[in-house]
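Spelled out, the chains give:
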Amino acid sequence: MSRIGVFICHCGENISRTVDVERVAQAAEKISGVAYACDYKYMCSDPGQNLLKKAVTDHNLDGIVVAACSPRMHEKTFRKAAQSAGLNPYLVEMANIREHCSWVHEDKEEATAKATEIVTMLIERVKMNKKLQPITVPVTKRALVIGGGIAGIQAALDIADCGHHVVLVEREPSIGGHMAQLSETFPTLDCSQCIMTPKMVDVANHPNITLHTYSEIENVDGYIGNFQVTIKKKARSVDMDKCTGCGVCMAKCPQKKIPNTFDKNLGMRPAIYVPFPQAVPNTPVIDRENCTYFKTGKCGVCQKVCGPGAVDYTQGDQLVVEPVGAIVVATGFELYNITEKPKGSAIKGYGEFGHGKIPDVIDGMTFERLASASGPTGGKILRPSDGKEPQQVVFVQCVGSRAREKGISYCSKICCMYTAKHTMLYHHKVHDGQAYVFFMDARTPGKGYDEFWRRSIEEENAVYIRGAVSRLYQKGDKIVVMGSDISLGIQVEIEADMVVLATAVQPRTGAELLAQKLGISYDKYNFYSEAHAKLRPVECATAGVYLAGACQGPKDIPDTVSQASAAAAKVMTLFAKDELEREPIVAKVFEKNCVACFACKKVCPYGAVEEKEIRDRQGNLLKVVAWVNPGVCGGCGTCQATCPSKSVELDGYTDEQIMAQIEAL
Amino acid sequence: MKNILDYSYYPGCSLHASAKEYDESTQGLFKALKIGLKEVPDWLCCGATPAHNVDELLSLSLCAKNLELAKPVEGDLAVACAACFSRLKTAQHKLADNEEKRKQVEYALDAPLALDKPVKHLLEILAKDFGLERLAGAMKKPLAGLKVACYYGCLLTRPADVPELDCAEAPTIMERVIGATGAETVSWSHRLECCGANFTLSRPGVVLQLSNEILASARRAGADCIMVACPLCHGNLDIRQAEIEETSGEKYNMPVFYMTQLLALAAGVSSSKLGFDSMMVSPLGLLKEKQLL
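Reading the values: the criteria
- Per chain, residue numbering runs from 1 following the sequence as it is written.
- Chains carry letters and ligands carry numbers; both start at the beginning, A for chains and 1 for ligands, and go up in the order they are written.
- In keeping with the predicted nature of the model, local features appear solely for residues at pLDDT of at least 70, side-chain atom pairs appear and are counted solely at 80 or more, and the whole-chain, interface and lining totals rest on all residues.
- What counts as a helix is a DSSP run of H or I of at least four residues, what counts as a strand is a run of E of at least two, and both are numbered from the N terminus.
- For the exposure call, what matters is how many other C-beta atoms sit within 10 Å of a residue's own: 20 or more marks it buried, 12 or fewer exposed, and in between partly exposed, using C-beta atoms placed from the backbone.
- Throughout, a residue-residue contact means that the two C-beta atoms, derived from backbone geometry, are no farther apart than 7 Å.
- When the strands point away from the viewer and the connection leading from the first strand across the helix to the second strand turns clockwise, the crossover is called right-handed.
- Here a strand pair is declared whenever DSSP counts at least two bridges between the two strands.
- Angles run from 0 to 180 degrees between N-to-C directions of axes, and those axes are lines fitted to C-alpha atoms, restricted for helices to the stretch in contact.
- When residue character is reported, Ala, Val, Leu, Ile, Met, Phe, Trp, Tyr, Cys and Pro are called nonpolar, Asp, Glu, Lys and Arg charged, and the others, Gly included, polar.
- What fixes the domain bounds is an automatic or database domain assignment.
- Remark: nonpolar core denotes a set of buried Ala, Val, Leu, Ile, Met, Phe, Trp, Tyr and Cys residues whose joining runs through C-beta atoms within 7 Å.
- For classification purposes, angles smaller than 35 degrees are called roughly parallel, those larger than 145 roughly antiparallel, those between 65 and 115 roughly perpendicular, and all remaining angles oblique.
- Take the far helix as the reference: if the near one is turned anticlockwise from it by less than a right angle, the crossing is left-handed, and if turned clockwise, right-handed.

1. Considerations on the overall build of chain A
Within chain A, the regular secondary structure consists of 17 helices and 34 strands. With respect to the three principal axes, the spread of C-alpha positions in chain A is 90 × 75 × 45 Å. Residues classed as buried in chain A amount to 46% of the 665 residues present. Taking as baseline every contact in chain A between residues at least 6 positions apart, the subset at least 24 positions apart corresponds to 69%.

2. Looking at the overall build of chain B
Of the regular secondary structure elements, chain B holds 13 helices and eight strands. Projected onto its principal axes, the C-alpha positions of chain B cover 55 × 50 × 30 Å. By residue count, 50% of the 293 residues in chain B fall in the buried class.

3. Some points on the pairing of strand β7 (residues 165-169) of chain A
Most of β7(A) sits out of view: four of its five residues are buried. Each parallel crossover has a hand, and for strand β6 (residues 142-146) of chain A linked through helix α5 (residues 150-161) of chain A to β7(A) it is right-handed.

4. Re the environment of Gly387(A)
Relative to the helices and strands, Gly387(A) resides in the loop between α10 (364-371) and β21 (392-399). On a C-alpha basis, the gap between Gly387(A) and Glu581(A) in space is 63 Å, while along the polypeptide they are 194 residues apart.

5. Topic: the sheet that holds strand β2 (residues 34-40) of chain A
Across a sheet, paired strands are connected by hydrogen bonds in the backbone, their directions being either parallel or antiparallel. All names here are of chain A. Sheet architecture is open: four strands sit in the order β2-β1-β3-β4, paired in parallel fashion. At either margin of the open sheet sits one strand with a lone partner, and together these are β2 and β4 (92-96). Each neighbouring strand pair of the sheet contributes to a mean axis angle of 15°, computed without reference to strand direction. Two elements, strand β1 (residues 4-9) and strand β3 (residues 63-68), share five bridges in a ladder whose sense is parallel. Paired with Val6 across the strands is Val65, a residue of β3. Contacts between helix α1 (residues 21-29) and the sheet are confined to β1, β2 and β3, with β2 contributing the most and set at about 175° to the helix.

6. Thoughts on the interface of chain A and chain B
Note: interface size is frequently given as the accessible area lost on complex formation between the parts. Facing the seven residues of chain A at the interface are six residues of chain B. Partitioned by chemical class, the residues of the side of chain A that touches chain B number one nonpolar, three polar and three charged.

7. Details of α10(A)
All names here are of chain A. Burial within α10 is extensive, with seven of its eight residues counted as buried. Along α10, the residues that are buried comprise Gly364, Thr366, Phe367, Glu368, Arg369, Leu370 and Ala371. Among the structural elements, β20 (361-363), α11 (415-429) and β27 (498-503) are those in contact with the buried residues of α10.

8. Remarks on the domain arrangement of chain A
Residues and elements named next belong to chain A. According to the domain assignment, chain A contains domain 1 (4-126), domain 2 (142-234 + 317-332 + 508-575), domain 3 (248-305), domain 4 (333-506) and domain 5 (587-663). Here the C-alpha centre of domain 4 lies 32 Å away from the C-alpha centre of domain 3. The interface is formed by six residues belonging to domain 3 together with seven residues belonging to domain 4. For the side of domain 3 that touches domain 4, the residue count by class is three nonpolar, one polar and two charged.

9. Examining the environment of Pro558(A)
Residues and elements named next belong to chain A. Positionally, Pro558 belongs in helix α14 (residues 557-575). With 14 C-beta atoms packed within 10 Å, Pro558 lands in the partly exposed category. Taking the C-alpha atoms as reference points, Pro558 and Ala151, 407 residues apart in sequence, are found 10.0 Å from one another.

10. Let's talk about the nonpolar core
Counting 133 residues, the largest nonpolar core has Ala155(A), Ala156(A), Val328(A) and Val499(A) as the members making the most contacts within it. Filtering out sequence-adjacent residues up to four positions away, Ala155(A) remains in contact with Val145(A), Val328(A), Ala330(A), Ala548(A), Ala564(A), Ala567(A) and Ala568(A). Counting residues in hydrophobic clusters, the runner-up holds 91 residues, among them Cys46(B), Phe85(B), Ala149(B) and Ala266(B).

11. Details of the packing of helix α4 (residues 108-126) of chain A against helix α17 (residues 655-663) of chain A
Residue and element names in this part refer to chain A. Contact geometry for α4 and α17: axes closest at 8 Å, N-to-C directions at 150°. In terms of orientation, α4 lies roughly antiparallel with respect to α17. Relative to α17, the crossing made by α4 is right-handed. Here α4 contributes Met121, Glu124 and Arg125 to the contact with α17, which in turn contributes Gln657, Ala660 and Gln661.

12. Looking at the domain arrangement of chain B
Residue and element names in this part refer to chain B. The domain architecture assigned to chain B consists of domain 1 (5-121) and domain 2 (141-289). Put simply, the middle of domain 1 and the middle of domain 2, counted by C-alpha atoms, are 24 Å apart. Taken together, the contact pairs 23 residues of domain 1 with 25 residues of domain 2. Among the elements that make up the side of domain 1 that touches domain 2, the one with the highest residue count is helix α1 (residues 20-32) (nine residues). Its residues assigned to classes, the side of domain 1 that touches domain 2 shows nine nonpolar, 10 polar and four charged.

13. Quick look at the packing of α10(A) against α11(A)
Residues and elements named next belong to chain A. Where α10 contacts α11, the axes come no closer than 11 Å and their chain directions differ by 35°. Like other packed secondary-structure pairs, α10 and α11 cross with a definite hand, here left-handed. Only Cys415, Tyr418, His422 and Leu425 of α11 make contact with α10, whose side of the interface consists of Gly364, Phe367 and Ala371. Among the residues forming the contact of α10 with α11, the class breakdown is five nonpolar, two polar and no charged.

14. Some thoughts on the sheet that holds strand β3 (residues 77-79) of chain B
Residues and elements named next belong to chain B. Strand order in the open sheet made by the four strands is β2-β1-β3-β4, with parallel pairing throughout. What marks the edges here is a single partner per strand, and that holds for β2 (35-39) and β4 (119-121). Direction aside, the axes of adjacent strands within the sheet are offset by 40° on average. Bridge count between strand β1 (residues 5-10) and β3: three bridges; the pairing is parallel. Bridging across to β3, Tyr10 finds its partner in Val79.

15. What to know about unusual backbone geometry
A negative phi angle is the norm for most residues apart from glycine, just as the trans form is the norm for most peptide bonds. Omega for the bond connecting Phe186(A) with Pro187(A) falls within 30 degrees of zero, at 0°, which places this linkage in the cis form. Within the secondary structure, Pro187(A) is located in the loop between β8 (184-185) and β9 (190-191). Cis geometry marks the peptide bond from Arg158(B) to Pro159(B), where omega comes out at -5°. Here Pro159(B) is to be found in the loop between β5 (147-150) and α7 (173-179). One non-glycine residue, Lys413(A), lies in the positive phi region at around 70°.

16. Some thoughts on the pairing of strand β26 (residues 490-496) of chain A
Residue and element names in this part refer to chain A. Summarising the sheet, strand β25 (residues 478-485) and β26 pair through seven bridges and their orientation is antiparallel. When the sheet's bridge partners are listed, Gly483 is paired in β26 with Val492. Where β25 hands over to β26, the hairpin turn is made up of four residues, of which Gly489 adopts a positive phi near 70°.

Spelled out as structure tokens, the structure:
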């Protein structure tokens, strides 16, 4: 006979307002196997927990049901309390009578009856709970950071400074990301390169960081503490050990007419190149798609002029396997492109803005390159079509963002501030020029942010027009901006020399493919999902994977750096222990019954099911069965629901227990 | 001789009145291309702008009635007027999955709904059903050297999910169709701007301003003429052109053709059957200059 204790929480008034908690306790007390039942105003408080602990010893309890909020909220709290009173924590279950009952009902009679039934079900289940012991797994104290922008760099440096080894993987030939492209940064207008490049150099020189540039994640195996990551190092065609970074190859390359994507195609680069002069590593790569040698087999100039003999046309892609214990994902963002989108895409283009075909309609990042001292114009604001200095520039905010009809409803967060910054940079460089900004509303929450925005209007002469832009078209060498001023209730037309669109921040193309390799979840826009929006903002639901920067949602530099350091701190917390304790709520296979259909393997979202061979003493193969790796199993129970021969069960959620719950109804 | 394709045909009110030349040239062109057009007997007005502004049920019912009348006539329903096309497509769209509205319209018509007949604009028939290659092959007198500004107006492509003729904001179907005649199309800014439409009666000042901008944009792009597929646009750009010139002080002398007039001319239909004489801005000078007459 069980001796179960039932504890009903009022949750202040959250539960007791609609549920008669005393009656629920009285009803519970009458159920066979219940040794004790009570109610209390705040069960999770210190006195509430003491009440539970005292009852465990006083009534010699062997199972507990706490009827309160969701187990996601306080299951751990009560399990810990029971454990300190000497009870196995896995004999404690929560009956959710708040989210599942009091919050969603109004009628007290009915809500009380429902709460009683929920409690009864949990009592029946707890009767069959087993004592479980936490699973321990070893931890490899090396971290992988994916993405070498400011987020990845910050996370890598923090972890490496703490003494742990970091593998940093970057897709482009150099680290630096978008921040290396920016001119000056808000709200202090310090030069982006000046604060970024020292960090890049720190990464290159750090003894604890292994840098793989021009590389991508090919495959991820394993689980928290024990990942095996396969990295594809794309053929650079230049031997990194031999190259001195002298740059002769780039100067002599006869093919110099390749649009420079780092400069948003405003300038040209050779086929053998570094993306920008401060690149880390300062080793060129050959762009094989555009290289004359790779296209026709003739040329070979770079190889001939290379003193150290570093150019190697025969280099192939290389696969490197790195064992790591934690992964920080910091793949960043890209900007919405207003050109025509493929049919069927949920994201639409901007036909009314000419689908990106008007040369002097540029995006914010292109403006950054124009304003950057290291940019294609040497920091002069000159428009792309004819190199003239624009006298009237119209900035349009919320292009793509907050536009449900265009497929994106979220706010891109950084555009209000960088547009204010752009108007200032423009005013600093073109003194008699006029900047206009079309905006919905200025979103400037942040330290010194609103002051910065006010400054652009009050001191830097920017004219802000509240309203949307309906159309852009070329008229001679001007661009006509048709818009509305909703403050004055009139239509406005401005003949501008250049138009800068604050286009939406989107996750990197292919972000979902990486997520699938990592087994992490993402939202409908392909931003990676954190485990809890408020309380676990840098962790993924998948254990051992952490998020940093704009891959999780639009973010400015201060927020990105904060999140990157937070992710690093989480990694260091994990690395602080030699072994890792995991929840023992995992699936177990009854090998006798298993028919090796591996339906469970197909449905397992964690990749936890493996094939296990059973052999006799002579080594003869008797049978193949499914085996669940307890280190990987997430305890979702999908395999249990799928198994046709009922050969796999989740501890704490066995078929018997579920049936007992249903029968209690 | 057997036709290559056969359609039922809904001309709409304008094509029997102010846009007669659109009707004549459509008939002439389709005959030359061996495409059959059989007018829906006893068709009604589509309701145009007034009906849907005042009473949605009336607007939907008129279109549903026309589709019912078209049902027994063989072939998809060919429509020339951009407004009729828009109204018929809108009715199909709105009634497709709105049970309440379907019931109301059925009650009003006292007959079960018959909305299934595909409604096709002439552009769609020429570009997709007939095909651009075959169209180019049927052209006897290429319009080489003629610079045409294709003007879509509001309704041919919008709202995006209703007509589904082409991309709503950057369509190319008119350019592709007239391109088959060898004419040169210009890239210009006001292809999809509103001409002022029905304000031509109530607030002509609006039309004079908007249509002036369209004419100015076409001229800026170096066009010899404008090509339209909508009687109302034609009215505003052609009939009002003298007045626009008067109020703006600009001199355009820009002929405004219906698409079928140019296509039929290229297909070898006699120019006397294309209603050039009923255009307010005479195209004869231009066509002679380009040696197309």
